[in-house]
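Examination of the molecular architecture
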Amino acid sequence: MYLKNLLTFIICLTVFNSIDNQAFAQEYKIKTIVIDAGHGGKDGATHGIYSKEKDVALKTALNLGKALQDSIKDIKVIYTRETDVFIPLYERINIANNAKADLFISIHLNDMPVRVSRVVDYYKKVKGRKVPVYRTITSKSTSTRGTETFVSGTGRLSEQDEVIKRENASMFLEDNYQKNYEGFIANTPENDIMLSLMKQTNRDRSLKFASMIQQEYVAAGRINRGVQEKSLAVLARAAMPAVLTEIGFVSNPDEEDYMNSPEGQAEIVNGIIKAIKNYKRLAETSF
């Protein structure tokens with residue numbers, strides 16, 4: 001009997017979602033966007049020839065926020081940082097969760113790893129034999145270029161459980177919450193299913209938004225390194241669609257110049273804004 005009731009709940013929920021999707025979309029509006037400038041303060045070792053990732057990320061984030069407010073009416077922009085300060089990763093996403101943000105965008109610059117190798121420096125004679133003497137050299141690719149955007153990997157979806165539960169906890173402070181939220185009772189299989197659906201919805205929408213960002217990079221002639229799912233701490237506990245976008249390689253001199261130039265900044269910002277507008281239009285009419 002219990003399994004029958006559970007199956008009925010799943011079927012009803014699926015039907016309700018498909019029928020009510022359009023009505024919900026007509027009411028839903030993206031009102032709050034959190035922009036996160038990666039790194040900052042003591043966390044700022046990544047650099048190119050003349051600029052640091054944390055500084056370019058901050059400049060891009062501030063330019064993006066200003067352009068967003070200028071181009072989209074009634075949008076609230078919240079920054080995780082507006083100066084060169086260190087913000088822990090968990091605090092960045094907490095800012096978005098506490099603001100009940102509709103979208104979270106983390107701005108970063110890519111870098112290539114330093115490779116360490118040994119080469120023969122000279123030979124010396126030992127007991128009449130030539131013996132090589134080695135030295136260690138470091139190198140880094142300066143030709144790798146392109147953009148990529150990340151969403152939280154499926155392996156970290158479970159970290160969203162406590163966030164979603166905490167967001168829902170306020171219902172128990174309301175009068176008559178049993179009546180108001182009939183059918184939504186914590187720690188039951190039915191609630192676990194709804195929790196899973198919420199996490200999957202955020203993942204699907206994050207992937208959709210990430211793809212839109214990459215499409216805009218490509219439209220501007222940038223190299224597309226794709227959308228990837230990674231185990232990123234800054235995105236793991238997001239209670240909303242969230243992405244981390246790498247706007248270029250600071251280890252590539254040409255891309256470093258591009259990201260620091262007014263023209264490059266304008267192109268990057270305009271592309272992300274187009275992606276936000278496209279996502280906003282979709283979210284408010286079709287999801």
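In this report, the structure presented in the accompanying data block is examined.

Rules and cut-offs
Residues numbered from 1 in each chain as written. Predicted model: local features only at pLDDT ≥ 70, side-chain atom pairs only at ≥ 80, totals over all residues. Heavy atoms only, no water. Helix = DSSP H or I, 4+ residues; strand = E, 2+ residues; numbered from the N terminus. Buried < 20%, exposed > 50% of the residue type's maximum accessible area, 1.4 Å probe, protein only. Contact = heavy atoms within 4.5 Å. Areas by Shrake-Rupley, 256 points an atom, 1.4 Å probe, with all protein chains shown as cover. Core = buried A, V, L, I, M, F, W, Y, C linked by side-chain atoms within 4.5 Å. Salt bridge = Lys/Arg side-chain N within 4 Å of Asp/Glu carboxyl O. Pairing = 2+ DSSP bridges. Axes fitted to C-alpha atoms, helices over the stretch in contact; angles between N-to-C directions. Phe/Tyr/Trp six-rings, centres within 6.5 Å; stacked < 30°, edge-to-face > 60°. Lys NZ or Arg CZ within 6 Å of the ring centre and 35° of its normal. Arc of directions from axis to C-beta. Parallel < 35°, antiparallel > 145°, perpendicular 65-115°, else oblique. Left-handed = near helix turned anticlockwise from the far one by under 90°. Nonpolar A, V, L, I, M, F, W, Y, C, P; charged D, E, K, R; others polar. Patch = residues over 30% accessible without salt bridge, like charges linked within 9 Å, V, L, I, M, F, W, Y side chains within 5 Å. Polar contact = N/O pair within 3.5 Å; in protein donor to acceptor, adjacent residues only side chain to side chain.

With that settled, the discussion passes to the overall build of the protein chain. Across its full length, the protein chain carries nine helices and eight strands. Taken across its 287 residues, the protein chain has 43% of its residues classed as buried. The contacts of the protein chain with a sequence gap of at least 6 include a subset with a gap of at least 24, amounting to 77%. Accessible surface computed for the protein chain: about 15800 Å², of which carbon and sulfur atoms make up 53%.

Ranked by size, the top nonpolar core spans 39 residues in total, and within it Ile33, Ile35, Leu68, Ile107 and Phe209 carry the most contacts. Elements supplying a minimum of two residues to this core: β1 (32-37), α2 (53-71), β2 (76-79), β3 (103-110), α6 (189-219), β8 (242-249), α8 (253-260) and α9 (262-285). If we ignore the near neighbours within four places in the chain, the residues touching Leu68 are Ile33, Ile35, Ile75, Val77, Ile273 and Ile276. Among the nonpolar cores identified, the runner-up in size contains 13 residues, and Phe104, Val234, Leu235 and Met240 belong to it.

What follows covers the pattern of salt bridges. On inspection of all chains with the given rule, the structure shows eleven salt bridges. Here the salt bridges share partners, and the residues they tie into one network are Arg203, Asp204 and Glu229.

Another point: the sheet that holds strand β7 (residues 224-230). Reading across from one edge, β2-β1-β3-β8-β6-β7 is the order of the six strands in this open sheet, with mixed pairing throughout. Where the open sheet ends on each side, the last strands, each with one partner, are β2 and β7. The average undirected angle you get between the axes of adjacent strands in this sheet is 20 degrees. Sheet topology note: the β3/β8 ladder contains six bridges and is parallel. Looking at β8, one finds that Ile107 is bridged to Thr245. With respect to the sheet, α8 is in contact with β3 and β8, its orientation differing from that of β8 by roughly 120 degrees. Against the sheet, α9 contacts β1, β3 and β8, and its axis sits at roughly 150 degrees relative to β3.

Turning our attention to the packing of aromatic side chains. Taken as a whole, this structure holds one aromatic pair when the rule is applied. Positioned above the aromatic ring of Tyr134, the side-chain terminus of Arg118 is 4.3 Å from the ring centre. Sitting above the plane of the Tyr123 ring, Lys130 keeps its charged end 5.0 Å from the centroid.

So, about helix α3 (residues 89-98). Among the residues making up α3, those that are buried are Arg92, Ile93, Ala96 and Asn97. What you see down the axis of α3 is that its buried residues fit within an arc of 135 degrees, all on one side. Those residues of α3 that are exposed and angled more than 90 degrees off the buried face are Tyr90 and Asn98. Just past α3, the residue Lys100 takes up positive phi, approximately 55 degrees.

With their axes 9 Å apart at the nearest point, α2 and α9 run at an angle of 50 degrees to one another. On the basis of their axis angle, the class for α2 and α9 is oblique. In the packing of α2 onto α9, the handedness of the crossing is right-handed. Contact residues: Val56, Lys59, Thr60, Asn63, Leu64, Ala67, Leu68 and Ser71 in α2; Gln265, Ile268, Val269, Ile272, Ile273, Ile276 and Lys277 in α9. Class assignment for the residues of the contact of α2 with α9 results in nine nonpolar, four polar and two charged.

A cluster of nonpolar side chains, namely Val120, Tyr123 and Tyr134, defines an oily patch on the protein surface of about 300 Å² accessible area. As for its position among the elements, Tyr134 is in strand β5 (residues 129-139).

We now examine α8. For α8, every residue scored as buried is listed here: Glu255, Glu256, Tyr258 and Met259. When α8 is viewed along its axis, its buried side chains cluster within an angular range of 160 degrees and face the same direction. Those residues of α8 that are buried lie in contact with α2, β3, β8 and α9. Backbone nitrogen of Asp254 and a side-chain oxygen of the N-cap are separated by 2.9 Å at the start of α8; the cap is Asn252.

Turning our attention to the side chain of Ser251. Considering the arrangement of structural elements, one finds Ser251 in the loop between β8 and α8. Side-chain polar atoms of Ser251 contact the backbone nitrogen of Met112, separated by 3.3 Å. With residues up to four places along the chain from it excluded, the contact list for Ser251 reads Asn110, Asp111, Met112, Lys140, Ser141 and Thr142.

Here the focus is the environment of Thr142. Mapped onto the secondary structure, Thr142 falls in the loop between β5 and β6 (147-152). Here the alpha-carbon distance between Thr142 and Pro253, two residues 111 residues apart in the chain, equals 6.9 Å. For Thr142, the contacting residues outside a window of four places in its chain are Ser251, Asn252 and Pro253.

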